[in-house]
Amino acid sequence: MMIEVTDLKKYFYKRKGFFSPSSDPVKAVDGVSFSVEKGSTFGLVGESGCGKTTVARILSGILEKDAGRFSISGKRDMVFQDPFGSLNPRMHIYGILSESLKVSKVSPAEARARCVEALELVNLDPAGVMDKYPHQFSGGERQRIAIARALVNRPEILILDEPVSSLDVSIQAGILNLLKDLQEEKSLTYLFISHDLRVVEFMSDTVGVMKNGKIVECASAKEIYSSPKHPYTRILLEAVPSF
Amino acid sequence: MTSFTLTMKRIIFGIFIIAVMTLTAVFAPLVAPYDPLEMDLSPEGRLKPPSPEHFFGTDNLGRDVFSRMLYGARISLSVGFIAVIISVCIGILLGGLSGYYGGRVDALIMRFVEVMYCFPTFFLIMMVITFLGPSIVNVMVVIGLTSWPGLCRLVRAEFLSLRERDFVSSAKVQGIPDRRIIFRHILPNAMAPVYVSATLSVGAAILVESALSFLGLGVQIPRPSWGNILTAGKNYLDYAWWLTFFPGIAILLTVLSFNLVGEGLRELLDPRLRKRK
């Protein structure tokens, strides 16, 4: 297993005031367990506020867990929802891509080669991209750059936190196909987080449905979509507009 | 809210005055027609009103006020700039630590800031100068050491919001060290309000220096500074207006210029104040 999560918990405490005792915690993640096989995609779906992003942030090391265990066997990197916020506006693309390489003492020539390779993987022309700044690109291009940044370190696991939710529908398909191709080529393991059931169905092998910090149903994508067991899953599925 | 062109006019006017002041201060030995310390104690040399020989007249010891003003500008401007550099360094460092790490570090630094706010700054400066002895270096350092709390809070607020941004999270995921995240990712994005505040502070620091020199706690006579030229002139206010008028105008113009540039920068850099075109 590439990712193993057991009984993960994260509570947020809201302090009411100086003298009043702290209120009940917000149970963002309340006992979540799942595992992801190598080369497969685990989709985490749920409405906003159900704790799916918190799970991603704990697994990627941005947040500390409060309880439970998780193990990640391999290098991991992350792609964020908003490509306008996830690229530093004051750094040019080469700086953004090469930063983690520079920090881990990769030689400049090697770093350059790795950045070129990563940009080619996401179908961007390296020569035309490297010296530009994030604001010179469209949302879709930026998200490709964000994916390239995640690939530069040659990770085995990618945590994808709503990677297409802020993009136009016309661009979403391109990014999703790119992610699928990359997974095949590099045998990557994905943790794919989204609120969009259709996107998750397209991407995932296994799906976990989250509600109020818990996974209420976890099964293969086929099973979830053909015979949902939990009433909440059914509500979600009925809410999907069909054509 | 003012229009873009008006803002630009203000900034250009301010920069022009500051540039003129700075240039004349830097090249004071070349520009000054007389030695600022050279006295002429003869009755006809003292307290001469402005004339083609002495643009700003002469003082009670027969020294050329124009030359003294030029040398005084060196003091005022360098005190302004150096004090602000010191204050910006401290403000960014403490504000950055406070905003980035939060928690106890933040609580500690913010309580310290509040303590600093409790003192009436000017009296604090006066007290320190009284103990350390008046000198230009002491004045610069003390103004710098007491004027950072506002800037510190500003930087902290910027850091608080920037550290939650995704590009900072991404750097954390990639294992970029904190120091690099602070200096490469957060600080460059937090500088706009710092520029504004620093520009305004230069004007304030010049005012404090003038006031200290006026009270005899700054630059010591016979070395000229705008503040102590004013002091020397106040005894002759009735019949030698030029002794107080010119340094007063110089202080006013300089502080005004820094404020115009600072306010202008604020309007240009702050998106909330920026008008849509």
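All residue numbers here refer to positions counted from 1 along the written sequence of the relevant chain. Chains and ligands are labelled sequentially in the order written, the chains with letters from A and the ligands with numbers from 1. Totals for whole chains, interfaces and linings use every residue, but because this is a predicted model, local features are given only for residues with pLDDT of at least 70 and side-chain atom pairs only at 80 or more, for both listing and counting. Side-chain descriptors were evaluated using all non-hydrogen atoms of the structure, hydrogens and water having been removed beforehand.

A.B. asks: So what exactly am I meant to see when it comes to a negative patch on the surface here?
C.D. replies: All names here are of chain B. Judged by side-chain charge, D35, E38, D40 and E44 come together as a negatively charged surface patch. Within the secondary structure, D35 is located in the loop between α2 (28-31) and α3 (65-101). Here D35 falls in the partly exposed class, since its relative accessible area comes to 40%. Surface patches are defined over residues having more than 30% relative accessible area and no salt bridge, joining like charges when they lie within 9 Å and nonpolar side chains (Val, Leu, Ile, Met, Phe, Trp, Tyr) when within 5 Å. Using a 1.4 Å probe, accessible areas were evaluated by the Shrake-Rupley method; residue-level cover was limited to the displayed protein chains. Salt bridges are defined by distance alone: a side-chain nitrogen of Lys or Arg within 4 Å of a carboxyl oxygen of Asp or Glu. When charges are tallied, Lys and Arg are placed among the positive residues and Asp and Glu among the negative ones, while His and the ends of the chain are skipped. Charge positions are represented by NZ for Lys, CZ for Arg, CG for Asp and CD for Glu. Strands here mean DSSP runs of E at least two residues long; helices mean DSSP runs of H or I at least four residues long; both are numbered from the N terminus. Each residue is placed in one exposure class: buried if its accessible area under a 1.4 Å probe, protein chains only, is under 20% of its type's maximum, exposed if it is over 50%, and partly exposed if it falls in between.

A.B. asks: Help me out: how do you make sense of the interface of chain A and chain B in this one?
C.D. replies: For an interface, size is often stated in terms of accessible area lost upon the parts coming together. The partner chain B presents 14 residues to the 22 residues of chain A that form the contact. For any pair of parts, buried area is found by adding up, for both, the accessible area (1.4 Å probe) each one loses once the two are put together. For the pairing of chain A and chain B, the buried interface totals around 1700 Å² over both sides, and the portion due to carbon and sulfur atoms is 51%. The interface formed by chain A and chain B contains two salt bridges. Between E99(A) and R180(B) there is a salt bridge, with its nearest N and O atoms 2.8 Å apart. Among the secondary structure elements, those contributing two or more residues to the side of chain A that touches chain B are β5 (76-79), α2 (93-103) and α5 (139-151) of chain A. Ranked by residue count, the leading element in the side of chain A that touches chain B is α2(A), at four residues. For this classification, Asp, Glu, Lys and Arg are treated as charged, while Ala, Val, Leu, Ile, Met, Phe, Trp, Tyr, Cys and Pro are nonpolar and the rest, including Gly, are polar. Looking at the side of chain A that touches chain B residue by residue, the classes come out as eight nonpolar, six polar and eight charged. By definition in these notes, contact holds between two residues if any of their heavy atoms fall within 4.5 Å.

A.B. asks: Whenever I open this one, a nonpolar patch on the surface confuses me. Can you help?
C.D. replies: All names here are of chain B. Residues L23, V26, F27, L30 and V31 make up a contiguous nonpolar surface patch of roughly 490 Å² in combined accessible area. Among the secondary structure elements, those contributing two or more residues to the nonpolar patch are α1 (4-26) and α2. Structurally, L30 is set in helix α2.

A.B. asks: Even after reading the chapter, I still don't get the pattern of salt bridges, so can you show me in this structure?
C.D. replies: For side chains bearing opposite charge, pairing can occur when the charged atoms are close. The final tally for this structure, using the stated rule, is 15 salt bridges over all chains. Where K10(A) meets D66(A), a salt bridge forms, and the shortest distance between an N and an O atom there is 3.9 Å. Taken together, the residues span a long stretch of sequence, with K10(A) in strand β1 (residues 3-12) and D66(A) in the loop between α1 (52-59) and β4 (67-72) at a distance of 56 residues. With a relative accessible area of 9%, K10(A) lands in the buried category. Assessed through its relative accessible area of 43%, D66(A) is described here as partly exposed. In this structure, R163(B) and E164(B) form a salt bridge, with 3.3 Å as the shortest nitrogen-oxygen distance.

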